[in-house]
Amino acid sequence: MLSLRRKNKTKGKNMKFTKLSLVAALAVSSAFAGGDIAPVEPAAAPVVETTSPWTVSGDAKLYYTTTDSDTLDLFSKDSANGQAAISADIAYAINSNWKVNMGLTGLATLGLDDSVVSGVWQFAGAGSDIVEPFSSVGDALWIDTFNVTGTAFDGKATFVLGRQMLDTPLAFSETWSIAPNTFDAAVALVKPVENVTLVAGYIYDGNGNGSRISTFDNNEGGFTHDDGYMPGLADNGAWTVAAIATIQDVTVQAWYYDVMDIADAVWAQADANIAGFTVGAQYAWIGPKDNLEGAEDSSAYAVKAGYKMDALNLWAAYSSVDEDGVVAIANTATMVGTQPAGVTAGWGTGAAQSKLYTEAWWNYGRVGQAGSDSFAVAADYTLDAYNFGAQYTSITNDVDASYEVDELTLLAGTKVMGLDVQLAYIYADYAETDNNTVQAYFTYNF
């Protein structure tokens, strides 16, 4: 469903309180009857605790990844990317129902590119954002969220107006990188009855394609670019409406999208959690129109089953995408592509994540492609302050073998001296080659 707050930049929004003591000056007069009556002790001053209208939170990150290849070794400079980011979220409460939110994110290499890495996680405004968007170094600072949020009708309606994170099946903020993409949008959520939420949203612009983030220049995909939602084709953004209902242990959601001038789309999903067992089913359809008129529809389905017991969580999933579609079953806001001459099969097949259950942990952008059949199995276990995880994903494709991969990811995480630390090892076996990747994520929340 839609996320009502500013992100993947996933950070806590802990309220910070300021205690103010209200000290009243009490005049005490002593009345003496014969001089033997003690003065009355003054009453204790009342302490009034108030909440500051301002809240500030954020995080600082340092990410590192290195991958071997036929010509490069792990941990060598030329095989590694690294970057630092700092984000701050500032909110001002206008009253008990409405507040203004602003988020800033800055990226820097901290000089790592001089000796440790040769590229970055996120394009930061230097070099060519089209040819080599992730090999450019440099610094960037931008406003990634700026919105007004509020409630009305006794909390039954919630509104978010402005630049924000989104979490919907076919337009969402991806959190795999050091800085998530965000959107200029207007969103309303209404609860007409208990356990039912209706959603309506207009998404005008985004910074998730082309240069991947928004800087203050005119890069494709930035907030200042005319074609920021989908590169080259969608000038007018997208509308979406949805209904989400929870009945006992079953949650059902249905979404409709009008990506203007591009396609109509539908996403339906049901998930149940009964006595520790989880089951789910997904169906997606994208029907090209206007600028893609004449292109074949895309459709996909996925199923999932799992079991959670105390600290252990297990699940397995399968998905299948039809072979004739043009637009991938993936994040319509982050597809990288150019306007085809006429209609070219495979448009919009850039590295966009998918909300299908089987999405790979690292080699995203493949399970939603036309002709992909995918299987995934995963386990997660928490032991005291430590968390361990593993996911295996296998993708075959009858249309384009370049999308095929077998990926195994092993994860370990804990907290060290106030830092959230996660280590990842990823083995990927592609159609013609394989490689090993080692990653380290360090995050400090404030």
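Below: a short report on this structure. Bear in mind the structure is a predicted one, so any value in this text is a computation, not a measurement. (Residues numbered from 1 in each chain as written. Predicted model: local features only at pLDDT ≥ 70, side-chain atom pairs only at ≥ 80, totals over all residues. Heavy atoms only, no water.)

The next point concerns the overall build of the chain. Helix and strand content of the chain: zero helices and 22 strands. Counting every position in the chain, which comprises 446 residues, the buried fraction comes to 45%. Summed over its atoms, the accessible surface of the chain is roughly 21,300 Å², and 60% of this surface lies on carbon and sulfur atoms. (Helix = DSSP H or I, 4+ residues; strand = E, 2+ residues; numbered from the N terminus. Buried < 20%, exposed > 50% of the residue type's maximum accessible area, 1.4 Å probe, protein only. Areas by Shrake-Rupley, 256 points an atom, 1.4 Å probe, with all protein chains shown as cover.)

Below, the discussion takes up the nonpolar core. The biggest cluster of nonpolar side chains holds 44 residues, and the ones touching the most others in it are Val199, Trp255, Tyr257, Trp267, Ile329 and Leu356. Ignoring sequence-local partners within four residues, the contact set of tyrosine 257 consists of Thr168, Pro169, Leu170, Ala171, Trp239, Thr240, Ala263, Asp264 and Ala265. Leu107, Trp142, Trp362 and Ala424 belong to the second largest nonpolar core, which has 15 residues in total. (Core = buried A, V, L, I, M, F, W, Y, C linked by side-chain atoms within 4.5 Å. Contact = heavy atoms within 4.5 Å.)

For the rest of this paragraph, the subject is the pattern of salt bridges. Within this structure, the stated rule accounts for five salt bridges. A salt bridge links lysine 355 to aspartate 167, with the shortest nitrogen-to-oxygen separation between them at 2.7 Å. Here aspartate 167 lies in strand β8 (residues 167-168) and lysine 355 lies in the loop between β17 (312-321) and β18 (372-383), a separation of 188 residues in the sequence. One salt bridge in this structure joins aspartate 258 and lysine 289, with 2.7 Å as the shortest N-O distance. Of this pair, aspartate 258 sits in strand β13 (residues 250-259) while lysine 289 sits in the loop between β15 (277-288) and β16 (298-309), and the two are 31 residues apart along the sequence. The pair formed by aspartate 258 and lysine 289 is uniform in burial state, with each residue classed as buried. Overlapping salt bridges, with partners in common, bring together Asp258, Asp264 and Lys289 in one network. (Salt bridge = Lys/Arg side-chain N within 4 Å of Asp/Glu carboxyl O.)

A few words now on the side chain of glutamine 391. Structurally, glutamine 391 is set in strand β19 (residues 386-397). At a separation of 3.1 Å, a polar atom in the side chain of glutamine 391 contacts the main-chain carbonyl oxygen of glutamate 359. Apart from residues lying up to four places away in sequence, glutamine 391 is in contact with Trp315, Glu359, Ala360, Trp361, Ala376, Val377, Ala378, Glu407, Leu408 and Thr409. (Polar contact = N/O pair within 3.5 Å; in protein donor to acceptor, adjacent residues only side chain to side chain.)

Okay, the environment of tyrosine 364 next. Considering the arrangement of structural elements, one finds tyrosine 364 in the loop between β17 and β18. Judged by relative accessible area, tyrosine 364 falls into the buried class, the value being 14%. Separated by 39 residues in sequence, tyrosine 364 and tyrosine 403 have C-alpha atoms that sit 10.0 Å apart.

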